Amino acid sequence: MTRIVRPDEIGRDLGATDRRLQKLERAPVLNNFPLISTVNRATQNQTVPPGGNFDGVTKYDIAMDPNFACLFTLMAPTPIIWFSYATIKVSAPGGGNFVYLTTAVSVSPWNPAQVVFESGSQLFDKGIGGYIQSEHHYVIGPQPTEGSIGPGAALLNITTNLGPLPAGTYEVRQRLVGDVGTQVAYYQGNVQVLAPGG
Amino acid sequence: MTEDKKSFVDRKDADRIARRDLPDFVAGAMLRAPFPVSAERQTQMVEDLLPTIVEAVVDGSWPLSANGRLTFRLIGTTAPSVPEPKRN
């Protein structure tokens, strides 16, 4: 079911976003949290898989805006934290119930066959109507830990025990795998990657 | 960077420092989240992150700043550019 958004609602949302961004721009260090960021993002409003439905096995890379790939460079072995967010809507034209989102790191440029690390959770349920917001956080370090928030955000427990990432330039992407017959309207996805210092 | 950094912080102090600094860090990070994250969930996130951060402080791979605080550097991010959709 769709609903026409009133102009005043659009203005309210845009205003809130602007206020948050202005607050960030005015405070380069906020709560002990330096904001050294590049603006990167996944292509918004994409359908995953781009054609057809999930097959229960294949992981599909989320398409990235080509001008905004999510890259980071480490000069030495370094522990990192990431926060991975997604807003999606699950449909099931061919059956199925759940879709799972993972966040993966590959040496840059992105190569899905050479993912060096991946963790996942964010179990999205077709039984939840409309768009679902969820988040997965992860620390790659001496004893990696992870967690999730959001409706039904169970961990996938696919992580491996990995110490600090070696020096190098990496790219982060989100990926989706779903039960046979499911399909996703992927509204937007975002990842923050953080390291010690500032 | 973590090279040649050795910690002289014991586990008890590392735990105290992480419990002091992580809540503000998570709150700051969540200002960039594409959707609101409740205080309750932020507390849950702190608890999730705590064990690894404590270990990293103890083994020196997450060095403290000169004033003894835990610091974080945002090295990569994606960014929302449109408002989140309304739930049906």
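Above: the structure in question.
The rules behind these values
Residues numbered from 1 in each chain as written. Chains lettered and ligands numbered in written order. Predicted model: local features only at pLDDT ≥ 70, side-chain atom pairs only at ≥ 80, totals over all residues. Heavy atoms only, no water. Salt bridge = Lys/Arg side-chain N within 4 Å of Asp/Glu carboxyl O. Helix = DSSP H or I, 4+ residues; strand = E, 2+ residues; numbered from the N terminus. Buried < 20%, exposed > 50% of the residue type's maximum accessible area, 1.4 Å probe, protein only. Core = buried A, V, L, I, M, F, W, Y, C linked by side-chain atoms within 4.5 Å. Contact = heavy atoms within 4.5 Å.

Under the defined criterion, the tally for this structure stands at 10 salt bridges over all chains. Notably, a salt bridge pairs Glu118(A) with Arg175(A), separated by 3.2 Å at the nearest N-O pair. Within this pair, whereas Glu118(A) is found in strand S8 (residues 115-125), its partner Arg175(A) is found in strand S11 (residues 168-178), the two being separated by 57 residues in sequence. A salt bridge links Asp15(B) to Arg19(B); the shortest N-O distance between them is 3.0 Å. Here Asp15(B) pairs with Arg19(B), and both are found in helix H1 (residues 11-30), just four residues apart, close to one helical turn. Asp15(B) gets classed as partly exposed once you look at its relative accessible area, which sits at 26%.

The subject of this paragraph is unusual backbone geometry. Residues and elements named next belong to chain A. Val48 connects to Pro49 through a cis peptide bond whose omega is -10°. Positionally, Pro49 belongs in the loop between strand S3 (46-48) and strand S4 (60-61). Residue Pro109 follows Ser108 across a cis peptide bond; omega there is 0°. With respect to the helices, strands and loops of the structure, Pro109 is situated in the loop between strand S7 (98-107) and S8.

Let's shift gears to the nonpolar core. Soluble globular proteins: nonpolar side chains tend toward being buried together. By size, the foremost hydrophobic cluster in this structure holds 31 residues, and its most contacted members are Phe72(A), Ile80(A), Trp82(A), Ile88(A), Leu176(A) and Tyr186(A). Every element with two or more residues in this core is listed here: strand S5 (71-74), strand S6 (80-91), S7, S8, strand S9 (132-140), S11 and strand S12 (183-196) of chain A. The residues contacting Ile88(A), other than those within four sequence positions of it, are Val99(A), Phe124(A), Gly130(A), Tyr131(A), Ile132(A), Leu176(A), Val184(A), Ala185(A), Tyr186(A) and Tyr187(A). In terms of nonpolar packing, the next biggest core, distinct from the first, is built from 30 residues, Leu22(B), Phe25(B), Met30(B) and Val46(B) among them.

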